[in-house]
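Chain by chain, the residues run as shown.
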Number of protein chains: 2
Amino acid sequence: MRTARRGEPMATTTAAQRRSAARAGYDAYLAECPARQLLERIGDKWVSLVVNALADGPRRYSDLRRRLAGVSEKMLTQTLRNLERDGLLTRTVTASVPARVDYALTPLGAGLLPLLRAIKDWAEEHMPEVLAHREAHDGARAD
Amino acid sequence: MRTARRGEPMATTTAAQRRSAARAGYDAYLAECPARQLLERIGDKWVSLVVNALADGPRRYSDLRRRLAGVSEKMLTQTLRNLERDGLLTRTVTASVPARVDYALTPLGAGLLPLLRAIKDWAEEHMPEVLAHREAHDGARAD
DNA sequence: CTGTATCCCCAACGATACTG
DNA sequence: CAGTATCGTTGGGGATACAG
């Protein structure tokens, strides 16, 4: 993107382009915002559940799959890999027959528990009110 | 879904079907889990930003659009409507010329601020470590 | 047992144009 | 000023089959 060199009017390239630039900049800012990065992690559908499932100790893969009855293998593996990649849990392979893999929270991952707890507490205390609003709102215009 | 009444072997319809049933049940459970409902709300890309933008008082639509430089009109409106629907903010129309609309947090919505603050604090304290892990992990296998 | 590989769908998000 | 309408892209997430 080059600035207009000549002193020409150039009525175009103003509003829309400025918008685009602002967007790009803001997006870059958002991509670096720690809070948003965290929300993207824990917002993943299975992350909070996996972390909670590991709260009281290591679990095997099949163990997790049973406890999180709704998860597909693909998503469970993907979630675990992402969390491992971020240093939130460890993956330990025991090369026996049959193979055995244990997952456990790291201290960093365990540090997430109080935060998840806070989220859960807020949710249990206030979500009913939120849902009541939602239904009232929908009901009023369902007609 | 009926349980197998007879003591018959019925090799088919077992594993896969049981899986499906478990999934459906678990999904239903998740749909009702307050913590997940909350995560779905605040996980929306613009929700936390909008709530924060309203932290210190009401704002007009165009005001919000300026402060959240990256948001499209569609997403801003959609986010605001969702939050209004959930009783987290109010929408006040002043029928003047030109039209004017103010958005403000309700007490319920303001109650979200401490939680968002907690998320932000955790993120600022620990996300650098998470990102360091991530890069180390990626770098190790980037070859 | 612990995954990987593949295909597919859909909802989120964005871009653009138009309206009261 | 404050939206609505419409279209297109993208990636999250699930189903299924296969592999070490």
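Owing to the predicted nature of the structure, the values given are computational and were not obtained by experimental measurement. The written sequence of each chain sets the order in which its residues are numbered from 1. In the order they appear in the text, chains get letters beginning with A and ligands get numbers beginning with 1. Local features in a predicted model are, by the rule used here, given only for residues with pLDDT of at least 70; side-chain atom pairs are given and counted only at 80 or more, and totals for whole chains, interfaces and linings are based on all residues. The side-chain figures draw on all heavy atoms in the structure; neither hydrogens nor water molecules are used.

A closer look at the protein's contact with DNA strand C
Note on definitions. A residue lies near a molecule or strand when any single heavy atom of the residue is within 4 Å of it. Lining the immediate surroundings of DNA strand C are 20 residues, of which A:Ser62, A:Arg81, A:Arg91, A:Tyr103 and B:Lys74 lie closest. Counted by atom, the contact set of DNA strand C within 4 Å of the protein is 65% sugar and phosphate. A:Arg60 is positioned such that a nitrogen or oxygen atom in its side chain is 3.0 Å from a phosphate oxygen of DNA strand C. Polar contact is defined as a pair of N or O atoms within 3.5 Å, subject to the rule that within protein one atom must be able to donate a hydrogen and the other to accept it, and that residues adjacent in sequence are counted only when both atoms are side-chain atoms. Between A:Arg91 and DNA strand C, the recorded distance is 2.3 Å, taken from a side-chain N or O atom to a phosphate oxygen. By definition, any uninterrupted DSSP run of H or I lasting at least four residues is a helix, any uninterrupted run of E lasting at least two residues is a strand, and each is numbered from the N terminus. Of all the secondary structure elements, the ones that give two or more residues to the surface near DNA strand C are α4 (61–67), α5 (73–85) and β3 (100–105) of chain A together with α5 (73–85) of chain B. Residue contributions to the surface near DNA strand C peak at 4 residues, all from α5(A). Split into classes, the residues belonging to the surface near DNA strand C amount to 7 nonpolar, 2 polar and 11 charged. For this scheme, ten residues count as nonpolar: Ala, Val, Leu, Ile, Met, Phe, Trp, Tyr, Cys and Pro. Four count as charged, namely Asp, Glu, Lys and Arg, and the remainder, Gly too, count as polar.

Some points on the confidence of the model for chain A
All names here are of chain A. Looking at chain A, the pLDDT average stands at 88 and 87% of residues meet or exceed 70. As a per-residue measure, pLDDT tells how confident the predictor is, with possible values from 0 to 100. Considering each helix and strand of chain A separately, the mean pLDDT is smallest for helix α1 (residues 15–32), with a value of 81, and largest for helix α6 (residues 107–110), with 98. Contacts are residue-level and defined by heavy atoms, with any inter-residue pair within 4.5 Å sufficient. Overall, residues 1–12 carries pLDDT values under 50, and its contacts beyond four positions in sequence, including any with other chains, amount to 1 contact.

Quick word on the protein's contact with DNA strand D
Close to DNA strand D lie 19 residues; A:Lys45, A:Lys74, B:Ser62, B:Arg91 and B:Tyr103 are nearest. In the model, a sugar or linking oxygen of DNA strand D is placed 3.2 Å from a nitrogen or oxygen of the B:Ala99 main chain. In this structure, B:Tyr103 approaches DNA strand D through a side-chain N or O atom, which is 2.7 Å from a phosphate oxygen. Residue assignment for the surface near DNA strand D shows that the elements contributing at least two residues are α5 of chain A together with α4 (61–67), α5 and β3 (100–105) of chain B.

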